[in-house]
Amino acid sequence: MPAPEHHRIHRTGWLRAAVLGANDGIVSTSSLIAGVAAAQASHGAIFTAGLAGLVAGALSMAVGEYVSVKSQSDVEKADLRLEQRSLMRNSAVELQELADIYVNRGLAPELAMQVARALTAHDALDAHARDELGISKNTRARPLQAALASALSFAAGSALPLVLAVLVPRPALQLPVVATGSVVCLAALGAIAAWAGGAPKAAAAVRVSVLGAVAMGVTAGVGALFGAAG
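What counts, and at which threshold
- Residues numbered from 1 in each chain as written.
- Predicted model: local features only at pLDDT ≥ 70, side-chain atom pairs only at ≥ 80, totals over all residues.
- Heavy atoms only, no water.
- Helix = DSSP H or I, 4+ residues; strand = E, 2+ residues; numbered from the N terminus.
- Buried < 20%, exposed > 50% of the residue type's maximum accessible area, 1.4 Å probe, protein only.
- Contact = heavy atoms within 4.5 Å.
- Areas by Shrake-Rupley, 256 points an atom, 1.4 Å probe, with all protein chains shown as cover.
- Patch = residues over 30% accessible without salt bridge, like charges linked within 9 Å, V, L, I, M, F, W, Y side chains within 5 Å.
- Salt bridge = Lys/Arg side-chain N within 4 Å of Asp/Glu carboxyl O.
- Lys, Arg positive; Asp, Glu negative; His and termini not counted.
- Charge placed at Lys NZ, Arg CZ, Asp CG, Glu CD.
- UniProt positions renumbered as here; feature names shortened; annotations may be inferred.
- Core = buried A, V, L, I, M, F, W, Y, C linked by side-chain atoms within 4.5 Å.

## Considerations on the overall build of the chain
Piece 1. Of the regular secondary structure elements, the chain holds seven helices and zero strands.
Piece 2. Here the chain, with 230 residues, has 36% of them falling under the buried criterion.
Piece 3. Counting only contacts in the chain whose residues sit at least 6 apart along the sequence, the fraction spanning at least 24 positions is 74%.
Piece 4. Surface accessibility of the chain: about 13,000 Å² in total, with carbon and sulfur atoms responsible for 68%.

Here's what the structure looks like:
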């Protein structure tokens, strides 16, 4: 007997927020540290800037993710309320609408109506939410979950370059150590995220690390420019 399939669609909500948060944490904080270090700042100033970036970024990610996903959740709930009222007032029309959806997917009209009746009897709102509105239990918006995942993952990602900066007190070494360590962490994060989502790991690792390196390089260039001007 073949092994059961293990689908990953149920991970999309928290996985997207967690990967975005960790990636943003590494890129933002490492770029901030690179820019400040390139400007010839002191070790204390670099640490303070990195720590401030961690706290501000985590809170910003949490608030932004909550507001964004809450808006999506509000739209979903409004559509579900509208659908529930329509089911109560126009049950026959809604039943035919559901049957027509299954006909368009390839079922014969008689079978489509049988399926629509059976699903309506089981849970009419769930059937219409899934097949008419495209809202399923696996992908439904969860604002608090997304906000918490974003904040924690951002903080975890930010902590990596910040720890590297603390462990290397010599200013001349901070920039190359933080940049190298952050690129390695980004590559690992890209591979892990791809593995969790069932995508090719190598391509994801290269894509994330290259984009992160570009961001750090540009920020370091800006810091060096203003540091020299100062």
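## Some details on a positive patch on the surface
Piece 1. Judged by side-chain charge, Lys 77, Arg 81, Arg 85 and Arg 89 come together as a positively charged surface patch.
Piece 2. Inspection of the secondary structure puts Arg 89 in helix α2 (residues 43-89).

## A closer look at the UniProt feature "transmembrane region" (unreviewed entry) in the chain
Piece 1. Here, UniProt's "transmembrane region" (unreviewed entry) annotation points to residues 17-39, 45-67, 146-167, 173-196 and 208-229.
Piece 2. For residues 45-67, the helix share is 100%, the strand share is 0%, and the end-to-end C-alpha distance is 32 Å.

## Here's the deal with a nonpolar patch on the surface
Piece 1. The grouping of Val 206, Val 210, Val 214, Val 218, Val 222, Leu 225 and Phe 226 at the surface amounts to a nonpolar patch, some 680 Å² of accessible area in total.
Piece 2. Secondary-structure assignment places Phe 226 in helix α7 (residues 201-229).
Piece 3. Note on Phe 226: relative accessible area 60%, which makes it exposed.

## A look at the nonpolar core
Piece 1. Ranked by size, the top nonpolar core spans 10 residues in total: Ile 33, Val 36, Ala 37, Ala 41, Ile 46, Ala 49, Leu 54, Leu 162, Ala 165 and Val 178.
Piece 2. Elements that contribute at least two residues to this core include exactly α1 (12-38), α2 and α5 (143-167).
Piece 3. In contact with Leu 162, other than residues within four places in its own chain, are Ile 33, Phe 47, Gly 50, Leu 51 and Leu 54.
Piece 4. Counting residues in hydrophobic clusters, the runner-up holds nine residues, among them Leu 95, Tyr 102, Ala 112 and Ala 116.

## As for the environment of Val 166
Piece 1. Here Val 166 lies in helix α5.
Piece 2. Looking at Val 166, the relative accessible area reads 39%, which means it is partly exposed.
Piece 3. Spatially, the C-alpha atom of Val 166 lies 9.8 Å from that of Val 178, the residues being 12 residues apart in sequence.
Piece 4. Apart from the residues lying within four places of it in its own chain, the contact partners of Val 166 are His 43 and Phe 47.

## Some points on the side chain of Ser 31
Piece 1. As for its position among the elements, Ser 31 is in helix α1.
Piece 2. If near-sequence neighbours (up to four positions away) are discounted, Ser 31 is found in contact with Ile 26, Ala 215, Met 216 and Thr 219.

## A few points about the side chain of Glu 83
Piece 1. Looking at the element boundaries, Glu 83 is found in helix α2.
Piece 2. Of the side chains with opposite charge, Arg 85 comes closest to the buried, unpaired Glu 83, at an N-O distance of 9.7 Å.
Piece 3. The contact partners of Glu 83, leaving out residues within four places of it in the chain, are Glu 94, Glu 97, Leu 125, His 128, Glu 132 and Leu 133.

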